[in-house]
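Each chain, letter by letter, is given below.
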Amino acid sequence: MTEPRIVRVWLSLGSNIEPHRHIPLALKDLEKEFGALVVSPVYESEAVGFSGDNFLNLVVGLMTGLPAGDLTERLRGIETRHGRKRDAKGFNSRTLDIDLLTYADQIIDTETLKLPRGEILEYAFVLLPLAEVAGDEVHPVSGLTYRELWDAFDGSAQNLWRVELSEEG
C-alpha cells in the first residue's frame, strides 16, 4: 500500500458572528486535526455582497495527506461544529467560513471543487494574507507569485485593516 502524498494546502478563514471566539477555536481544531499551522495576520473588512457586520479574515497553511475532497468534508465538519448554517443562499453572516484555496500546485475543476479558488484573485481579504504567508509560491493558473499578484492588485474598492485576534471570554 502506498503512503498518501503529503501536500501543503492554504485555507481562508472568516467570521462575522462572534469572530473573536470562533476563529481562535477553529485554529485550535485545525491544529489538533492537522498539526502545525502557518497562520497569517488577521484582517478586518467590511461585508462584501450584503449588509452585515465586519468580517475577520486570515489565511492558514497546513500539511495533509487527505485528498482534496475528503479535506473539504473535514473542513465542513469544523464549520458545522462552530454553528455554521448552510440553508441561506448567497452572501450572508456566518459563524465560521473555511474555504480550501489551494491544494499543492494542483488545478482541480469538478462539479464540487474548483482549485485554486477564484476568490484568491478577487478579494483583498484573501490575497493579502496569502501573499504575506506564501508570497513566493506560484498561483498554478496565472504563473505569478502571490506577492506579485498582490503588488498588481487594485484593492481600492475593498477596505481592510490588520487587527489583533484576541479571544473573548
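Quick caveat: nothing in here was measured; it's all calculated off a predicted structure.

**Side note on the nonpolar core**
Looking at soluble globular proteins, one finds that nonpolar side chains tend to be buried together.
Okay, step 1: Counting residues in each nonpolar core, the largest one holds 27 residues, and the members touching the most others are Val9, Leu11, Leu13, Leu30 and Leu100.
Okay, step 2: Mapped by element, the contributors of at least two residues to this core are strand 1 (7-15), helix 1 (19-34), strand 4 (55-64), helix 2 (68-81) and strand 5 (97-103).
Okay, step 3: In terms of residues, this core owes the most to one element, helix 1, which gives 5 residues.
Okay, step 4: With sequence-adjacent residues up to four places away left out, Val9 is seen in contact with Val60, Gly61, Leu62, Thr64, Leu71, Leu100, Thr102 and Tyr103.
Okay, step 5: Counting residues in hydrophobic clusters, the runner-up holds 15 residues, among them Trp10, Val59, Phe125 and Tyr146.

**Re the packing of aromatic side chains**
Okay, step 1: Evaluation of the coordinates by the stated rule reveals 2 aromatic pairs.
Okay, step 2: Taken together, a centroid distance of 5.1 Å and an interplanar angle of 15° make the contact between Tyr123 and Phe125 stacked. Assigned by exposure class, Tyr123 and Phe125 land together as buried.

**Overview of helix 1**
Okay, step 1: Helix length check: helix 1 (16 residues) gives 21 Å between terminal C-alpha atoms against 22 Å at 1.5 Å per residue, within 8%.
Okay, step 2: The set of residues buried in helix 1 consists of Pro19, His20, His22, Ile23, Pro24, Ala26, Leu27, Leu30 and Phe34.
Okay, step 3: Following helix 1 by one or two positions, Gly35 has its phi on the positive side, about 90°.

**A few points about the side chain of Ser12**
Okay, step 1: By the secondary structure assignment, Ser12 is in strand 1.
Okay, step 2: Overall, Ser12 belongs to the buried group, its relative accessible area being 6%.
Okay, step 3: If we ignore the near neighbours within four places in the chain, the residues touching Ser12 are Leu58, Asp97, Ile98, Asp99, Leu101 and Val126.

Conventions adopted
- Residues numbered from 1 in each chain as written.
- Predicted model: local features only at pLDDT ≥ 70, side-chain atom pairs only at ≥ 80, totals over all residues.
- Heavy atoms only, no water.
- Core = buried A, V, L, I, M, F, W, Y, C linked by side-chain atoms within 4.5 Å.
- Buried < 20%, exposed > 50% of the residue type's maximum accessible area, 1.4 Å probe, protein only.
- Helix = DSSP H or I, 4+ residues; strand = E, 2+ residues; numbered from the N terminus.
- Contact = heavy atoms within 4.5 Å.
- Phe/Tyr/Trp six-rings, centres within 6.5 Å; stacked < 30°, edge-to-face > 60°.
- Expected span 1.5 Å × (residues − 1).

Read these as spatial facts, not as claims about activity.
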